[in-house]
Amino acid sequence: MNKVSFNNLRFEDLRAFLEKNKQPSYRLEQILEWVYGREIDDFSLMTNLPKDLISELTDSFVITKPQLHSSQLSSDGTKKYVLEMQSHVKNEKPVFVECVAIPSLKESSNKLTVCISSQAGCPMACEFCATGQQGFVRNLSCGEIVQQVLFIQNNLGMKVSNVVVMGQGEPFLNFENLTDALDIINNPKIIGIGARKITVSTCGIIPGIDKFSNVDKQYGLAISLHCAIQEKRNQLMPGVKNYTLNKLKDSIKNYIEKTNRRPTFEYLLINNVNDTQEDLNALINFCEGMLCHINLIKFNDVNGSKFKASSNAVVNKWIKDLNNKGIEATLRASRGSDIDAACGQLLNNLN
């Protein structure tokens, strides 16, 4: 009998397994605490579970963990990992996933942010993004998402303080696995990272934003906007051309009303592409009347890309003009660009 990787299980799978074995529902959290909180690799170590349940778990599942394929250390302390994920699904090849550790630059701080992936590759095909040009391989399972956080903690011997789901993939196209994983990461009995220190970034998948607004946790939301002119955004981000800016704005307003949380708009400034005065005026108009924050990002070099970063003068003008209009805007410092670990640079190089 081929065993299933525990990583591949959704909460609903585990609930069905427990029900089949006539076990109470609270066993779910106990099992998750052992596998992801104490990081065991043998079900027999679960001392507070009945022997018959341990036997069923052992016969049905195998606990797998990612293997390090390669890593790179940036001059600014950022570390990028390429992890090999074994799914244990018949005839399915392992996939390679990138995640990034971003320690605080302050010597006195123990803050460690990790940027994790939700998919292997990405189906969105954003023109400026290396991952989007790589194409889509598959969704990551709940466990594969969680294991990225655990791997980095163990590798650096340091507790993760913040999680951003901004690596490879579109999180809201893998919604159930994503939210199961966030529940594990947030659970104080397992990994225990506060909900307000967890942020999910989407290209603007409206059904996902609508579902996320109903999640009863204080997770942060970031929207990769990158242009507020519809035709130009369609060219830059073809994967979301069916989710128009007008509908996106309505969805975001609904999110704000339901959650009372402030979303962040991510805007990658590309020289002579989306950084003109017309683009700035369109962004101001889009944000008018909305509770939001603008994260401006200078384009990071991608090998073979036709795009270049906007000048510092343009960046400073945008920040000044947005703030003058009452729209809070800051420049997000890119970390790890020298090892292709910054925004838009995550492309598996397995050589």
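Okay, so let's go over this structure. Computed from a predicted structure; not experimentally measured.

Here we look at the pattern of salt bridges
Next, step 1: All chains considered together, the criterion is met by 10 salt bridges.
Next, step 2: Of the charged contacts, one joins E29 and K189 as a salt bridge, the two residues approaching to 3.5 Å between their closest N and O atoms. Taken together, the residues span a long stretch of sequence, with E29 in helix α2 (residues 27–37) and K189 in the loop between α6 (175–186) and β10 (198–202) at a distance of 160 residues.
Next, step 3: With a closest N to O distance of 3.3 Å, R262 and E328 form a salt bridge. In this pair, R262 is assigned in the loop between α9 (245–259) and β12 (264–269) and E328 in strand β14 (residues 328–331), connecting sequence segments 66 residues apart.
Next, step 4: Accessibility expressed as a relative area gives 41% for R262, which makes it partly exposed.

Comments concerning the nonpolar core
Next, step 1: Formed by 106 residues in total, the largest nonpolar core has its most connected members in F6, M46, F128, I185, F265 and F286.
Next, step 2: No other element matches the 7 residues that helix α5 (residues 142–156) contributes to this core.

A few points about unusual backbone geometry
Next, step 1: With phi around 55°, K22 is a residue other than glycine that occupies positive phi space.
Next, step 2: Of note in this structure, H226 is not a glycine but carries a positive phi near 65°.
Next, step 3: The residue H226 is located in the loop between β11 (220–224) and α8 (230–236) in this model.
Next, step 4: The buried category is assigned to H226, whose relative accessible area is 4%.

Brief notes about the side chain of T64
Next, step 1: Mapped onto the fold, T64 is located in the loop between β2 (61–62) and β3 (67–73).
Next, step 2: A distance of 2.7 Å separates polar atoms of two side chains, one belonging to T64 and the other to S5.

Brief notes about helix α10 (residues 277–287)
Next, step 1: Along α10, the residues that are buried comprise D279, L280, A282, L283, I284, F286 and C287.
Next, step 2: Here the buried face of α10 lies against α8, α9, β12, β13 (293–298) and α11 (312–324).
Next, step 3: Just downstream of α10, G289 is the residue with a positive phi angle, here 80°.

A short note on the sheet that holds β3
Next, step 1: Read across the sheet, 10 strands follow the order β3-β4-β5-β6-β9-β10-β11-β12-β13-β14 without closing on themselves; strand pairing throughout is mixed. Edge positions in the sheet fall to β3 and β14, since each has one partner strand and no second. Mean inter-strand twist for the sheet, computed between neighbouring axes without regard to direction, equals 20°.

Quick notes on the pairing of strand β4 (residues 79–85)
Next, step 1: Of all 7 residues making up β4, 6 are buried, and the element is well covered by its neighbours.
Next, step 2: Between β3 and β4, which follow one another and run antiparallel, lie 5 residues, and G77 among them has a positive phi close to 95°.
Next, step 3: With 7 bridges joining them, β4 and strand β5 (residues 95–103) adopt antiparallel strand pairing. Paired with M85 across the strands is V95, a residue of β5.

Focus: the packing of aromatic side chains
The relative placement of two aromatic rings is captured by the distance of their centres and the angle of their planes.
Next, step 1: The full count for this structure, using the stated rule, is 11 aromatic pairs.
Next, step 2: Arranged with centres 6.3 Å apart and planes meeting at 80°, the rings of F6 and F61 form a pair that is edge-to-face. Of the two residues, F6 is situated in the loop between β1 (4–5) and α1 (11–20) and F61 in strand β2; the sequence distance between them amounts to 55 residues.
Next, step 3: Since its relative accessible area comes to 2%, F6 is described here as buried.
Next, step 4: Note on F61: relative accessible area 9%, which makes it buried.
Next, step 5: In this structure, K211 packs its charged tip against the face of F175, placed 4.5 Å from the ring centre.
Next, step 6: Over the aromatic face of F286 sits the side chain of K249, whose NZ or CZ is 5.7 Å from the ring centroid.

Parameters and conventions
Residues numbered from 1 in each chain as written. Predicted model: local features only at pLDDT ≥ 70, side-chain atom pairs only at ≥ 80, totals over all residues. Heavy atoms only, no water. Salt bridge = Lys/Arg side-chain N within 4 Å of Asp/Glu carboxyl O. Helix = DSSP H or I, 4+ residues; strand = E, 2+ residues; numbered from the N terminus. Buried < 20%, exposed > 50% of the residue type's maximum accessible area, 1.4 Å probe, protein only. Core = buried A, V, L, I, M, F, W, Y, C linked by side-chain atoms within 4.5 Å. Polar contact = N/O pair within 3.5 Å; in protein donor to acceptor, adjacent residues only side chain to side chain. Contact = heavy atoms within 4.5 Å. Pairing = 2+ DSSP bridges. Axes fitted to C-alpha atoms, helices over the stretch in contact; angles between N-to-C directions. Phe/Tyr/Trp six-rings, centres within 6.5 Å; stacked < 30°, edge-to-face > 60°. Lys NZ or Arg CZ within 6 Å of the ring centre and 35° of its normal.

The quantities given are spatial measurements derived from coordinates; they are silent on function.
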